[in-house]
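Fold and contact review
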Amino acid sequence: MFRSISCILICCAVFSSAALAQSRDMYQTVVTVNDSVITQFELAQRVAMLEALGSVGDLATAARDDLVDERLYAQAARSLGISATQAQIDDGVAEFSTRGNLTPEELITILSNRGVEEVSFRDFIKNGVLWRSVVQSRFGRLAAVEDSEVDNALSLGSTQKQLSFLLSEIILPKEERGAIDTTRLANELVASLRAEGGFSAAAARYSAAPSAEINGRRDWTPVGELSPVLTTQLLTMDPGQITDPIDFNNFIAIFQFRAMRAERVSSALAVTLNYLRVNLPTNAGFAEAQILIGQSDTCLDFRARAERFGTDATQEASIVAGQSSGAVTAELAKLDRFEASAFTNAAGSVSVVMLCNRIRELSEASRDGLRAALFNQRIGGLGSAYLQELKGQAFIVQK
């Protein structure tokens, strides 16, 4: 009997030692980032979270890189005295959950069922909140967008040419498989299609859109009918390439870029054309006009160069496109910003016009939306550059 008890005690000691060793292994340091450490447990938790969210590829490396970045986020926040409130973290959890059309409780339950502890997920959200606050604190004023910059963006974006894209699509409704499994399928499809091709066959098999009957092919689509997220990807792609999966709340979409073209269209929005005009002396002809045009890169140059024809020779004016006619209107219709042309005016002499701005008349809400987009683009670039700076200065050791 005593021998049996001894055996039991020995076995318990062996199992306890093994469990303790395993526990210690989980909390071993795998990376040191300045004065912070990343443990094996944190790495395992992040890999599990990436798997649960449908990520593919080398998840261990991706998890390690993300955790290193997040340590730098937290350290930068600490140096600025920035912290995240519970309300900010809760808001971040809610916002992240909506990407998968889930409630926070549903997402946390799904993650828990796949081995991800709630505290690990909330740490991930917290670090994102901290970084946004850091970037806003450091670069908010620098990234501020002035009214003139909004006007300039409207002018540059309101040409008479409109881009259209020829695409193929795969539409994956979340209702059919659930948000997490749909995301996983989308990532797996993108990885497979980029490596092996076969978009048409995949569209016919998986897509729930009517275009599945013709292998996912869509007709030409104007850029204004596409989401900004999709357009941003397409503008950097070559024909045949596949987009990243794009989440549209109720479904996830994958697109193949087939072709792009520019079409001349008439804008439904009122477009104001601001221009300068110079009427040359009767003894000056088209040769003199071409010299003026060649010397002028902007409207400021144009005005300065035209002073040789008299201080009052230059006229500044505006017209609304489509609401006037005549020689000036006809010439402006041919021009992009800061381009100029010469024509024979009603008096029989030569005039030169330069287009200074083409501005769409937008509502204040639309202007605010454009301002926000410009701000986010600018501050995002500043934040990325700052992160690279922090990495370059950091003491990072991988075990």
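1. Observations regarding the overall build of the protein chain
Scanning the protein chain from N- to C-terminus turns up 15 helices and 11 strands. When the 399 residues of the protein chain are sorted by exposure, 38% land in the buried category. The contacts of the protein chain with a sequence gap of at least 6 include a subset with a gap of at least 24, amounting to 73%. Counting only carbon and sulfur atoms, one obtains 52% of the accessible surface of the protein chain, whose full area is about 22200 Å².

2. Side note on the state of the cysteines
Here a disulfide denotes one covalent bond, and it connects the sulfur atoms of two cysteines. Counted under the stated rule, the structure contains 1 disulfide. Covalent S-S linkage joins C299 and C356, the inter-sulfur distance amounting to 1.9 Å. Negative torsions about the S-S bond denote left-handed disulfides, and the value of about -110° found for C299 with C356 makes this one left-handed. Of this pair, C299 sits in helix α13 (residues 299-306) while C356 sits in strand β10 (residues 350-360); the two residues are 57 residues apart in sequence, bridging distant segments of the chain.

3. Regarding the packing of aromatic side chains
Summed over all chains, the structure comprises 9 aromatic pairs. Seen in terms of ring centroids, F96 and F124 are 5.6 Å apart; in terms of plane orientation they differ by 85°. Their pairing is edge-to-face. Remark: F124 occurs in helix α6 (residues 118-139) and F96 occurs in helix α4 (residues 86-98); sequence separation between them is 28 residues. Taking the relative accessible area as the measure of exposure, F124 reaches 22% and is therefore partly exposed. An aromatic cluster is present here, built from Y73, W131, F139 and Y386 joined pairwise through their rings. The ring of Y386 carries R138 above its face, with NZ or CZ at 4.1 Å from the centroid. In this structure, R261 is placed above the aromatic ring of W220, and the distance from its NZ or CZ to the ring centre is 4.2 Å.

4. Remarks on the pattern of salt bridges
With the rule as written, the count across this model stands at 15 salt bridges. Across the pair E42 and R71 runs a salt bridge, and its minimum N-O distance is 2.6 Å. Here R71 lies in helix α3 (residues 59-79) and E42 lies in helix α2 (residues 40-52), a separation of 29 residues in the sequence. Judged by relative accessible area, E42 falls into the partly exposed class, the value being 25%.

5. Section: the environment of M260
Structurally, the position occupied by M260 is in strand β6 (residues 251-264). C-alpha separation for the pair M260 and L234, spaced 26 residues apart in sequence, amounts to 9.2 Å. Dropping the residues within four chain positions of it, M260 is found in contact with L163, S164, F165 and W220.

6. Some details on α2
Along its 13 residues, α2 runs 18 Å from first to last C-alpha, staying within 8% of the 18 Å computed at 1.5 Å per residue. Taken residue by residue, α2 has F41, L43, Q45, R46, V47, A48, M49, L50 and A52 as its buried positions. Note on α2: the residue one or two positions beyond its end, G54, has a positive phi of about 90°.

7. What to know about the confidence of the model for the protein chain
Considering every residue of the protein chain, the mean pLDDT works out to 82; 83% of them sit at 70 or more. Confidence, expressed as mean pLDDT per element, reaches its minimum in the protein chain at helix α1 (residues 2-26) with 52 and its maximum at strand β2 (residues 36-39) with 94. Predicted confidence for residues 12-21 stays below pLDDT 50, and this span has 0 contacts to residues more than four positions away or in other chains.

8. A word on the pairing of β2
In terms of strand pairing, strand β1 (residues 29-33) meets β2 through 4 bridges, oriented antiparallel. By the bridge assignment, V33 is partnered in β2 with S36. Linking β1 back to β2 in an antiparallel pair, the connection comprises 2 residues, with N34 at a positive phi of about 55°.

9. Remarks on the sheet that holds β1
Strand order in the open sheet made by the 3 strands is β2-β1-β11, with antiparallel pairing throughout. The open sheet has two edge strands, β2 and β11 (396-398), and neither has a second partner. Within this sheet the neighbouring strands show an average axis-to-axis angle of 20°, counted without direction. Across the sheet, α2 touches β1 and β2, and the angle it forms with β2 is around 60°. Sitting on the sheet, α3 is in contact with β1, β2 and β11, with an inclination near 40° to β1.

10. Concerning unusual backbone geometry
Phi at N34 takes a positive value of approximately 55°, unusual for a residue other than glycine. With respect to the element layout, N34 can be found in the loop between β1 and β2. The exposure class assigned to N34 is partly exposed, which follows from its relative accessible area of 33%.

Reading the values: rules and limits
Residues numbered from 1 in each chain as written. Predicted model: local features only at pLDDT ≥ 70, side-chain atom pairs only at ≥ 80, totals over all residues. Heavy atoms only, no water. Helix = DSSP H or I, 4+ residues; strand = E, 2+ residues; numbered from the N terminus. Buried < 20%, exposed > 50% of the residue type's maximum accessible area, 1.4 Å probe, protein only. Contact = heavy atoms within 4.5 Å. Areas by Shrake-Rupley, 256 points an atom, 1.4 Å probe, with all protein chains shown as cover. Disulfide = S-S within 2.5 Å. Phe/Tyr/Trp six-rings, centres within 6.5 Å; stacked < 30°, edge-to-face > 60°. Lys NZ or Arg CZ within 6 Å of the ring centre and 35° of its normal. Salt bridge = Lys/Arg side-chain N within 4 Å of Asp/Glu carboxyl O. Expected span 1.5 Å × (residues − 1). pLDDT = per-residue confidence, 0-100. Pairing = 2+ DSSP bridges. Axes fitted to C-alpha atoms, helices over the stretch in contact; angles between N-to-C directions.

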